[in-house]
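# Coordinate analysis (summary)
Spelled out, the chains give:
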Amino acid sequence: MKPKTALPARAAASWEGFRYSKALKLHSDADLHYLSVYLAELEADLNMAPVAQDHKPQNGFDVPHKKTEDRHKERSSRRKFRSNDYMIFSADAMQHISKTAERTTEKYTWLGESLRMSFKMLRSDTRLVRTMLHSHGFMQCSNKNPLVNVVWAGASMKAAKMRDLQPWQRLNQFPRSKQLTRKDFLYENIERSKSIFGNAFDFIPEFYVVPREHARFAKALLNLEAQIERNEAVASFPGEFIVKPVDSCQGKGIFFVSSTDEIPLEGPLLASRYLAKPYLVNGHKFDLRIYVAVTSFYPLVAYVYSEGLTRLASMPYDASSCSSSRDYIHLTNYSINKNSTSFVRNESMSAEDLGHKWTLGALLRYMEKEGIDAKLLMLRIEDLVVKSLLSIQCAVASISKTHLRFVGTNFELFGFDVLIDEALKPWLLEVNLSPSLACDAPLDSLIKTRLMTDLLNLACIPLIDRKTVDSFAQLRPFIHTPESHESSDLDEELRSAENLVNVKTLKKRPVGIKRSVLNRRLANGVVSQNEQRLQSIVRRVKLEEDRRGDFIRVFPRKETWNLYSGLMEDLGSEDYDQKLYEEIIMSQTASREGSVEKKLKREDEEEDGAEELEEIADVFHAVMINPQEYPTLELVPRKVREIIGSWYNEAKEYTKKITQEGEIYAQKLPAMRPSARVRTKSCTEFYEVRKEKLKGKKLAAAAAASQKQATSSDKENSQPDGVPAI
Ligand SMILES: Nc1ncnc2c1ncn2[C@@H]1O[C@H](COP(=O)(O)OP(=O)(O)OP(=O)(O)O)[C@@H](O)[C@H]1O
């Protein structure tokens, strides 16, 4: 059953592969593989996701294709709602989801509903994600359903579970991203990069992982004590080191350590040097929540959101006292400070700098009023983000090669917590996996709704008909079941299918052909595969450029290759980072006469051009980590200033006001109308079971509490000194 319309070359090649595998009577996993490749290439070549078939499947294979004119007709009819056939998310949809279904309210849900798009939540129940997806017509499936369009995971997932992702599916996580989000792993990765590449990675405080590094930690504390005795250092309050569990959040389990006898013996815990001189806002300590989206680790494609949050401590900073309100002075977590009597909620609809939670823009505008170069500060934060991601790139890339079959199936949102010291140096405190998307105040709802809209747009979720998805399930019903992820049988079968191809290919080898010739042919095949993958990546990054909303792409961008390649580990012969840079950035700037890029390129061709570039890169990294020496753009050496000039202009985005006078913003997330809150039967059952379990737990807890109360009141009623009650 060959498609009647002429297929683009690569799709046709896949089709041949599909036919070939059938002719060889390969296992149906191989059919599935070719079918997947075929679909992915259709998606890429025709710049649209495959749509529903209008013909009956033959031979049990439902290969989706449509006549070109039908496709055009279908495209133009839905043009209003589609851009390149990927779902467009709009924050506006959230305003309609609570209203009763009318024509205007239906416009956001009809597309998702008509294609029967779906999602599932794994160890997460984030209301914002659910509301956003329901607002666009997605139905929620139980977490056992393998064929959903979007998988939203709230906790770290095993890489093996990502293997079966199909080209139209999207998952909000990369394998091994825990290397960034577990505190000890993050610090150790950055320390490792620092030991290889030098001071460019100097943006985390001195640290020890206990109990593993107990001896080193004790030695450091003894040295400090001696320095303080000799008046070479001053004691810092509430402690020299702040100690946190490596895998917790919301300020849980944090304490301070100043002497060796306070070092805990259990763990794992991260003890990091307490940064005792933070930059203060109206006398209060604060930290920043910077949202970072990554759509690819190899090559690295990273974005920083232009809106973020400033979280202030609820009590004024006092670096010399060890008062009882210690946590409200020294910790800036919202979850801690909201319990303080001095905490002021920002309930305002339009003020971005009220109470103890501000927007990032409000803080930067405050700093600018104080005469600080806030845009340069943001470039330093972007630099810290890029370097943190580069420190784990090798680990993620190596596993992605074997576990992520298709380009663009994964994306991830990270929450970077940054503290700024009085010298205006940003320090990375930690990186959060699934940063909180709770909307407790109007500012939260406003920022996080926009963030989620832009993130889902960046994820480029293909519009694909449920029928096409179901045809996969018919091919191999068990391949996608969660159990099968764990099963090694499936891997065995796939491997034997692959071996079968190799065996057949070898048998067909013409007698007398040299092994070296064969190797060269095989190598050429690999090269062309890499080239194809690169082209898919390039297409995807270009697509993201049109869909990034308020995200600023910080990598790759103008000059990043020249400035950061010296800090990147060798990831293989594909050289995706360099090639993507050439395709996306160099090609853009090549036409611009006299651009810095061109100038540098020309210089690069000159004899000592490369050497000069290296020098410029060194100065750039010195500028990034040393705000005391380079506090404003004017004081940055000219060559570096010319390079980062366009980044600096772009950084204006961070300082803009997000609320507008006279506008009314929603206080909290809307309640969804029941007709839009579609769940599959199994999902509803799953939630019912969960509800029952919770109810049971609550009842048991209430029973235990009343029993406890009864025994304690019994004790109170009983006579003291064993005198029997009357
Ligand atoms: N090295 C440090 N120096 C000064 N203050 C620090 C340091 N590390 C953490 N803090 C303060 O402690 C707070 C909690 O630290 P951190 O964010 O690492 O912990 P967490 O429990 O993981 O919080 P979150 O809810 O943000 O994930 C920070 O917001 C910051 O105010």
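Scroll up a little and you will see the structure.
A short tour of the structure in this document, coming up. (Residues numbered from 1 in each chain as written. Predicted model: local features only at pLDDT ≥ 70, side-chain atom pairs only at ≥ 80, totals over all residues. Heavy atoms only, no water.)

### Overview of the overall build of the protein chain
To keep things clear, this is the line we draw: A run of H or I in DSSP counts as a helix once it spans at least four residues, and a run of E counts as a strand once it spans at least two, with each numbered from the N terminus. Each residue's exposure class comes from its accessible area (1.4 Å probe, protein chains only) as a fraction of the maximum for that residue type: buried when under 20%, exposed when over 50%, partly exposed otherwise. Contact criterion: two residues are considered in contact whenever any of their non-hydrogen atoms come within 4.5 Å of each other. Only the protein chains shown count as covering a residue, and every accessible area follows the Shrake-Rupley method with a 1.4 Å probe.
Helix and strand counts for the protein chain stand at 25 helices and 15 strands. A buried classification covers 51% of the 726 residues belonging to the protein chain. For the protein chain, contacts bridging at least 24 residues in sequence account for 73% of all contacts bridging at least 6. Looking at the protein chain as shown, the accessible area adds up to about 33900 Å², and 52% of this sits on carbon and sulfur atoms.

### As for the pattern of salt bridges
Heads up, the rule is: Criterion for a salt bridge: a side-chain nitrogen of Lys or Arg within 4 Å of a carboxyl oxygen of Asp or Glu.
Tallied over the full model, the rule gives 32 salt bridges. When the shortest N-O distance is used, the salt bridge between Glu213 and Arg216 registers 2.6 Å. By relative accessible area, Arg216 is classed as partly exposed at 48%. A salt bridge links Arg289 to Asp417, with the nearest nitrogen and oxygen atoms 2.7 Å apart. Of the two residues, Arg289 is situated in strand S9 (residues 286-297) and Asp417 in strand S13 (residues 412-420); the sequence distance between them amounts to 128 residues. With respect to class, Arg289 is no different from Asp417; both count as buried. Residues joined in a network through salt bridges with shared partners are Asp287, Arg289, Arg311 and Asp417.

### Quick word on the nonpolar core
Operational definition: To form a nonpolar core, buried Ala, Val, Leu, Ile, Met, Phe, Trp, Tyr and Cys residues must be joined to one another through side-chain atoms within 4.5 Å.
Counting 86 residues, the largest nonpolar core has Ile290, Met367, Leu389, Phe416 and Ile644 as the members making the most contacts within it. Looking at this core, the element that brings in the most residues is helix H13 (residues 374-403), giving 13 residues. With sequence-adjacent residues up to four places away left out, Met367 is seen in contact with Tyr279, Ile372, Ala374, Leu377, Ile420 and Leu424.

### Observations concerning the site of the ligand
To keep things clear, this is the line we draw: By convention in this text, a residue qualifies as near a molecule or strand provided that one of its non-hydrogen atoms is within 4 Å of it. Between N or O atoms, a polar contact is any pair within 3.5 Å; within protein, one atom must be a potential hydrogen donor and the other a potential acceptor, and residues adjacent in sequence are included only when both atoms are from side chains. Under the scheme applied here, ten amino acids are nonpolar (Ala, Val, Leu, Ile, Met, Phe, Trp, Tyr, Cys and Pro), four are charged (Asp, Glu, Lys and Arg), and all others, including Gly, are polar.
The full set close to the ligand counts 26 residues, and Lys183, Gln250, Gly251, Thr332 and Glu430 are the nearest of them. Between Lys183 and the ligand, the recorded distance is 2.8 Å, taken from a side-chain N or O atom to an oxygen atom. In the model, an oxygen atom of the ligand is placed 2.8 Å from a nitrogen or oxygen of the Asn333 side chain. In isolation the ligand has 610 Å² of accessible area, and contact with the protein removes 98% of it. Sort the elements by how many residues they give to the shell around the ligand and strand S14 (residues 426-433) lands first, with three residues. Residue composition of the shell around the ligand, grouped by class: eight nonpolar, eight polar and 10 charged.

### With respect to the packing of aromatic side chains
We count it as follows: Side-chain rings of Phe, Tyr and Trp (the six-membered ring for Trp) are treated as a pair once their centres are within 6.5 Å; stacked means planes under 30 degrees apart, edge-to-face means over 60, and tilted covers the remaining angles. Criterion for a charge above a ring: Lys NZ or Arg CZ within 6 Å of the ring centre, and within 35 degrees of the ring normal.
Scanning the entire structure with this criterion turns up 20 aromatic pairs. Seen in terms of ring centroids, Phe174 and Phe297 are 5.0 Å apart; in terms of plane orientation they differ by 85°. Their pairing is edge-to-face. In this pair, Phe174 sits in the loop between strand S4 (170-171) and helix H7 (178-181) while Phe297 sits in strand S9, placing the two residues 123 residues apart along the sequence. Taking the centre distance of 5.9 Å and the plane angle of 70° together, the rings of Trp358 and Tyr366 count as edge-to-face. A connected cluster of aromatic rings, assembled from ring pairs, spans Phe555, Tyr564, Phe620 and Trp647. The lysine or arginine in question, Arg182, covers the ring of Phe185, its NZ or CZ lying 4.3 Å from the ring centre. For the cation-ring pair, Arg557 lies above Trp647, with the distance from its terminal atom to the ring centre recorded as 4.3 Å.

### Some remarks on the sheet that holds S4
Let me state the cut-off plainly: Strand pairing is defined by DSSP finding a minimum of two bridges between the two strands. Fitted lines through C-alpha atoms serve as axes, helices being fitted only where they are in contact, and the angles separating the N-to-C directions of these axes extend from 0 to 180 degrees.
Spatially, four strands are ordered S2-S1-S3-S4 in an open sheet, and the strand pairing comes out parallel. A strand with exactly one partner marks an edge of an open sheet, and here the two such strands are strand S2 (139-140) and S4. As paired elements, strand S1 (residues 118-122) and S2 share two bridges and run parallel to each other. Paired with Phe119 across the two strands is Gln140, which belongs to S2. Contacting S1, S2 and strand S3 (150-153), helix H6 (residues 127-135) crosses the sheet at an angle of about 175° to S1.

### Examining the packing of helix H8 (residues 183-197) against H13
Condition: Orientation is classified from the angle alone, with under 35 degrees giving roughly parallel, over 145 giving roughly antiparallel, 65 to 115 giving roughly perpendicular, and any other angle giving oblique.
Axis separation between H8 and H13 bottoms out at 9 Å; the angle between their running directions is 90°. One element, H8, and the other, H13, form an angle in the roughly perpendicular class. Where H8 abuts H13, its residues Asn189, Ile190, Arg192 and Ser193 lie against Ser388, Ser391 and Ile392. Across the contact of H8 with H13, the residue classes tally to two nonpolar, four polar and one charged.

### Focus: the sheet that holds strand S6 (residues 241-245)
Taken in spatial order, the four strands of this open sheet run S5-S8-S6-S7, and their pairing is antiparallel. Every interior strand has two partners, whereas the edge strands, strand S5 (207-210) and strand S7 (255-257), have only one. Adjacent strand axes in the sheet meet at a mean angle of 30°, parallel and antiparallel pairs treated alike. Strand direction decides the pairing type here: S5 and strand S8 (residues 269-273), joined by four bridges, are antiparallel. Following the sheet pairing, Phe207 is matched in S8 by Ser272. Taken strand by strand, H8 contacts S5, S6 and S8, and its axis lies near 135° from that of S5.

### Let's talk about a negative patch on the surface
Selection rule: Patch membership requires more than 30% relative accessible area and the absence of a salt bridge. Residues of like charge join within 9 Å; the nonpolar side chains Val, Leu, Ile, Met, Phe, Trp and Tyr join within 5 Å. His residues and chain termini do not enter the charge count, which takes Lys and Arg as positive and Asp and Glu as negative. A single reference atom marks each charge: NZ on Lys, CZ on Arg, CG on Asp, CD on Glu.
Where like charges cluster on the molecular surface, the negative patch consists of Glu611, Glu614, Glu615 and Asp618. Inspection of the secondary structure assignment puts Glu611 in helix H22 (residues 609-625). Here Glu611 falls in the exposed class, since its relative accessible area comes to 55%.

### Some points on unusual backbone geometry
Cis geometry marks the peptide bond from Tyr298 to Pro299, where omega comes out at 5°. Summarising the element assignment, Pro299 is placed in the loop between S9 and strand S10 (300-305). The step from Phe555 to Pro556 runs through a cis peptide bond, and the omega angle for that step is 0°. For Pro556, the position within the fold is in the loop between strand S15 (551-555) and helix H19 (560-564). Phi at Asn231 takes a positive value of approximately 65°, unusual for a residue other than glycine. Considering the arrangement of structural elements, one finds Asn231 in the loop between helix H9 (214-229) and S6. Taking the relative accessible area as the measure of exposure, Asn231 reaches 70% and is therefore exposed. In this structure, Cys460 is a non-glycine residue whose phi angle is positive, near 50°. Considering the arrangement of structural elements, one finds Cys460 in the loop between helix H14 (442-458) and helix H15 (466-475).

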